[in-house]
Structures are given as C-alpha cells and as structure tokens.
There are 2 protein chains.
Amino acid sequence: MDTMTIPAAPAPRTQVTRKDVARYAGVSTAVVSYVVNGGPKKVAPATEAKVQEAIRQLGYRPNAAARALKLGSSETIGLVIPDNSNPFFSMLAHAVEDAAGALGYALVLTNSDGNLAKERRNIRNLAARQVDGVVLASVLFEPELDDLEAAEIPSVLLSHSGSSAGVTTVGVDLAKGARTAVEHLIGHGHTNIGLAMGTTTGNEADAREEGWVQALRDAGLPEGPIARSAFTRVGGYAAGKRFLASGHRPTAIFASSDMQAIGILRALHEAGLSVPEDIALVSFDGSEDAEYSWPTLTTVEQPVRDMAEAAVRALVGADRGEPAQHRVFPTKLLVRQSCGCP
Amino acid sequence: MDTMTIPAAPAPRTQVTRKDVARYAGVSTAVVSYVVNGGPKKVAPATEAKVQEAIRQLGYRPNAAARALKLGSSETIGLVIPDNSNPFFSMLAHAVEDAAGALGYALVLTNSDGNLAKERRNIRNLAARQVDGVVLASVLFEPELDDLEAAEIPSVLLSHSGSSAGVTTVGVDLAKGARTAVEHLIGHGHTNIGLAMGTTTGNEADAREEGWVQALRDAGLPEGPIARSAFTRVGGYAAGKRFLASGHRPTAIFASSDMQAIGILRALHEAGLSVPEDIALVSFDGSEDAEYSWPTLTTVEQPVRDMAEAAVRALVGADRGEPAQHRVFPTKLLVRQSCGCP
DNA sequence: ATGAAAGCGCTAACAT
DNA sequence: ATGTTAGCGCTTTCAT
C-alpha cells in the first residue's frame, strides 16, 4: 500500500443539486425550482439574479430523471421505424426529431429491422422508459399497442393509410398518389404498366396497389405484370430483373418506393436499357435519392415534414388528448425525367 | 353538485408500482426488486413464482425514471450527428442503435444540422438528461465537451482522425484511405486528378486532402484542381459543375464522400460526359448509395458497424473507464465501375 | 430468505 | 415573496 499518496486531484465533484444551489444563494429549494422552471410562482428579480449566479457558479444542471419521476413525464418521445438506413425513414426520423425538439422533447430512436419480435420489444422498451408518446411507422397494419395502452402512452401511426380504430394515424392517400403516378404514365401513352410492389408483413393489401389497379381499370387498360419484393434497393433490383425476364415486358413501371426504383434503374442499366425511352418509371416517396439518380426520378412526394409535425403535435403538442383522428396529407407528383416528360 | 353521479367507469388505473405487486404477492417490495432485477439477493423459487404471477396479473412495468434516479443512470446513450438524412450518418445511427441496444441502452438521437449552436444545445440537453454516454460525430474538430465533462458523462468522438487530448476517438485513417483511392486512380494512368473536398467547420485540414496530396506527390504528379463544397449531393453537384467549367478539366476526381460523388455524377451526366470514360471517379464512405448509382461507385469503405460497436463499448461496454484511446479502423477500397477498372 | 426503511433530486401544494 | 415538506417509484443496506 502506498500510504504516501498525495491527494492531488480535487475531491471527485459529486452532482450539484438544487439543494446546493439553494444554500449557496441563501434561498429555499422551492425558489430554485421557480427560477429554473420559470414558475409556477414569481420570484423577486433580485432573488432570481442571486439564484442564477449560484447556478452558474456551481455549474448546476437539473437532474432530468428526478424531474421525470416527479412529473411522470420524461419529455421524450419514442420513434419506431423499420430501418433508419432507409432514406425515407431517416428523413422521417430527422423530421420527427426536429418537430419533437421544437417542443422540448428528445427523441429515442429504435429500429425494428422488419422484425416483428423486435418491434414488439422496442415498443415495450419505450413504454418502460416512460416516453410521453410513440410515433410508430410499423411494418404491421395493426401493430401491437397493448403495452403502450397499458401505460397510457399515446401513440400515432405514421405513414399509414388505415383507419385502425381508436388510434390516431398520419399518412398520405396512398391509393390516390399511386393513381396519379400511373395516370401520368398512361398519359404518356403506355398501355403495359408494371407494378413493383413492396411486401408488407400484415395481410392488408397496400393501397398503392389499389391505386395502380384503379388507374388502369379507369383507362380500360389491362393489369400489367407485378413484381413483389422488399421496399429496398436490393428488392427493386430483383424486381427489375424479374420484369426483364418476363415474356411480356412492360413499357412502364410504377414502383411503390424510391428505393425500389433505384434498384430497378440499376437492373435496367445493366441490361443496357434506357429510361424512359425503353421503360418509363415513376416511383413513390420523394426522397432526395430520386433527385440524384440517373435519370432523375419522377416520384410521388410525401410531405414528410408536415406529417412528422402532425404526428408529434398529436402526441405532445396542441392536439394532445384529442380523440383519435386520421390525418391524410396530400401527395404531389414531382415530375422529372424518368417518366418520359420532354 | 351532482350527487347522483354513478361511478361507471373503473377508476382510472393509475400506474402499478412495485408496492402493488408486493402487496398482491404478499411479499415486501424488496423481494419484488430482487425478482425483477435478478438480484442482488436470491429469492426462494416459490416466492419468485408468486411475484412473477403478481407482475403478470397486475401488468406491472417498472418505472425507468425512478430507476434512473436511484441508480444515477438512465441506461441511455446520446448520439450527436450533423444530419440523419445523410446516408452515411443514418447508417451510423442505425449501427450505434444496434450496438447500444445489444447492451440494454436506448439511443437518443440529435441532429445538429451543421449548426454549431445547435450542436452545443444538443450536448447540453443530453447531459441534462443524464445519458450514460455520448457518441459525437461533430462538425467540429474539437467539440465543446465541457458540459459532458462537468456531468462526468463519458464521450467518444466518432469518425474522427484527430487525437484530441483526453478524449477517446474512433475513426478511420482518412489520409491513408484517400491515398489508396488516389493511387488507384493513378494506377489507371490519370495524371490530372481533382479533389472534391467537403467543408469542415473547424480550421483543421481534413486528412483526406492530405492523402490526396501525398499520393500525387509520391507519384510525381502535380496537384489537380480542388472544389470545396458541403458533404452533400447538392455540394457535389456544385463541385462537379465547377470542375466542368474550369479550364484544365481533370480526367479523374477523388470525392471525399459518396454523397458528393453522387452529385458530381449528376453534373457529369447532365453535361453528357461518361464515367469513367471521360472522367473517372472514386469516393469515400462506402454507403449503399454508392452501390446503386450509375455507374456504380468505386469507394473507400468505412467499417461503420465496427466503429459504432467500438464507440459504444468504450462508453458503456467492456472498455468503459479505460483511459482515452484512439481506435483507428482500416478502410477498404471497394472497386466498382466508376474508377475505370475493366 | 425476507423485510423495513433511507434516500436519489425534484416539484408544487400549502404554509408563512 | 419565500420556505417547508411530502412524496414520485425504485434500489439496497442493514436488520431479522
């Protein structure tokens, strides 16, 4: 043992609490709270100044856990998405973080990786962490919200067309957006229009498929080929190859996501085909990737920022506590090169 | 006053606490804790079963805030990145979430949007929330860690070549990676190799620039043109146009990020130039975008998952508490089409 | 093997 | 205007 040790370092600063501040400023802890929170009581300017000074001097920082315990609110919201590496969801996550941050809420991000068990685990975990709300972009049509409901944590389903009973949803009219896209293709004279559809875990048909069918039917056109695959670049690539291998190759394709369109583009390029000359393409989402592909993609834009704001507002903002409602945002066809417009 | 009110609805279920569980199971609250946490004391199997049953029956879920307050740990880590919409960072965020989740930690995501004030605010905020560690992919060479240090919250700098004193850093050898890329281009016979460099907020030169210079100098080649712009598609697009407008147009370009390369690609396509025939291109990061561009991008891959794991481990895993160290991961040149390889 | 009880730091109702 | 104080739900030491 080294008994000669000199206690050089200053005693390990333990956490400064409101008590220390109160003592230093010569006031009570309540006053410190009032100053820190700007209420609920008024404090004399002079006192306030003293407290502020004490806070500065001591380097006091409120303990969020204690506050959360007392208030029953962590000022945090949870986000459950399939995959933050997917541009659409990373854009969404960013938008949700901004919207939450503007209201003083932090964002806990969880990826469910298309894995049902993981999604459930993430939801449980968020519930246990006393988040004040959960934004859910589930892989499921009807996600399991029991854990949230049991904990009385509000949730909103994002990017969801469905009208799940009793849950607030925020999304776009997928069918209408898809119809617009397909109609645009029809307007270019195409009669054999394929569909690259993403696969959903639930058993509900995706409304984008409906929209494609409707547009075709309304125009008296037959349904073109369908390729189902994941909502990813890899999935789109596989779908693209399948279209090319099929006997009755379409002259135009509607892809249910930009990522799939990017994959399709690669498959077409590799086959030496030109877009839109040989095959025209319109996709869905309006992510930045669609603006920088070659050719640039005509795509149906989802107003992600508006949707994120609406979701957060429903959870912890002005719309909190309102009865469940279904907010449907308009999509907008962003016309670029891949559709064949001059 | 309506004294006739019939108490129809069941009393609004207030949160079930460990006290309720204890009473229901006929044990003390301590035993409930032992069961829930698997320690620190042993519990008789029969008692444990009773408690588990009570937990199930009552739908008990532990309150994380209380636990955090008691333990001084929120089992949460913070992540500060410039922009989650940027594929490189969204990939990183996903990897960090996975690594943290594997250790039982949740991830609080914050975007600083290249904004210094916002970065500082995010850091303060995370500190106040008692996160157990912060992974920082700062826009700055030497981010302001005072708030974290004051709160004794460990932090690690990610994607950082620097050896900031006293802070653990995790990154790749940017200079070496860049050199490899440029040497590859030189190997293809190029003698006029441009650099599309991202702009950093600090005043330190990015090591990728060094690597470019070194490779050129070692080969006895003159420095090609430099275009500086943001680490984004938009930035790359602008850089690409500048290269094209310059008198002495390079025959090859090294871009400091995949995003910039994607932007450059667009500028070249629009100008009717082919890659790699007219201009060869190699970039940095190894994001999935580089695999699905046209042509596909030869790029210097960063082992993002390994880096994320190392960062999390240093914060709250096996390496916690170790003295500050600098973990440098190897990069790998992913050869695809844009460089001109056959 | 189990229980009692002392706080963790904060908020806000209730004094003064 | 300011102070006192009772918890929020949990962990864990110290009894039993």
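Along every chain, residues carry numbers that run from 1 in the direction the sequence is written. Written order determines the labels here, with chains lettered from A and ligands numbered from 1. The predicted origin of the model limits local features to residues at a pLDDT of at least 70 and limits the giving and counting of side-chain atom pairs to 80 or more, whereas totals for whole chains, interfaces and linings rest on all residues. Side-chain numbers come from the whole structure's heavy atoms, not from hydrogens or water.

An unreviewed UniProt entry lists chain A under the name Putative LacI family transcriptional regulator, with Arthrobacter globiformis as the source organism.

**Q** Which residues make up the relation of the copies chain B and chain A, and what values go with them?
**A** Between chain B and chain A, the superposition needs a rotation of 180° and an axial shift of 0.0 Å, giving an RMSD of 0.1 Å. In symmetry terms, the pair is related by a two-fold rotation axis. For chain B, the residue whose C-alpha comes nearest the rotation axis is Val108 of chain B, separated from it by 2.2 Å. A least-squares fit on C-alpha atoms brings the copies together, and the residues used are those whose pLDDT is at least 70 in both copies.

**Q** Quick rundown of the UniProt feature "domain: HTH lacI-type" (unreviewed entry) in chain A? Include the residues and the values.
**A** As annotated by UniProt and renumbered to match this structure, "domain: HTH lacI-type" (unreviewed entry) occupies residues 16–71 of chain A. A run of H or I in DSSP counts as a helix once it spans at least four residues, and a run of E counts as a strand once it spans at least two, with each numbered from the N terminus. End-to-end, the C-alpha atoms of residues 16–71 of chain A are 20 Å apart, and along that stretch the chain is 70% helix and 0% strand. UniProt positions are given in the numbering used here, feature names are shortened, and annotations may be inferred rather than shown by experiment.

**Q** Lay out the interface of chain B and chain A with the relevant residues and their values.
**A** At the interface, 56 residues of chain B touch 56 residues of chain A. Around 4400 Å² of area is buried between chain B and chain A when both sides are counted, 49% of it from carbon and sulfur atoms. Whenever a carboxyl oxygen of Asp or Glu lies within 4 Å of a side-chain nitrogen of Lys or Arg, that contact is scored as a salt bridge. At the junction of chain B with chain A, the criterion picks out eight salt bridges. Asp289 of chain A is the partner of Arg233 of chain B in a salt bridge, and the nearest nitrogen-oxygen pair spans 3.6 Å. Of all the secondary-structure elements, those providing two or more residues to the side of chain B that touches chain A are α4 (64–71), α5 (87–102), β2 (106–111), α6 (116–128), α7 (146–150), α10 (233–245) and α11 (258–270) of chain B. The class makeup of the residues in the side of chain B that touches chain A is 22 nonpolar, 16 polar and 18 charged. Two residues qualify as a contact provided that any one of their heavy atoms is within 4.5 Å of a heavy atom in the partner residue. Accessible-area loss on putting two parts together, using a 1.4 Å probe and summing over both, is the definition of buried area adopted here. Put simply, Ala, Val, Leu, Ile, Met, Phe, Trp, Tyr, Cys and Pro go in the nonpolar bin, Asp, Glu, Lys and Arg in the charged bin, and everything else, Gly too, in the polar bin.

**Q** Before we move on, could you go through the nonpolar core and cite the residues and values that matter?
**A** Take the buried Ala, Val, Leu, Ile, Met, Phe, Trp, Tyr and Cys residues and link them wherever side-chain atoms come within 4.5 Å; each set so joined is a nonpolar core. Accessible area is worked out with a 1.4 Å probe on protein chains only. A residue is then buried under 20% of its type maximum, exposed over 50%, and partly exposed in between. Within the largest apolar cluster, 102 residues are counted, with the highest numbers of intra-cluster contacts made by Ile77 and Val96 of chain A together with Ile77 and Val96 of chain B. Counting 28 residues, the second largest nonpolar core, distinct from the first, contains Ala127 of chain A together with Val80, Leu136 and Val167 of chain B.

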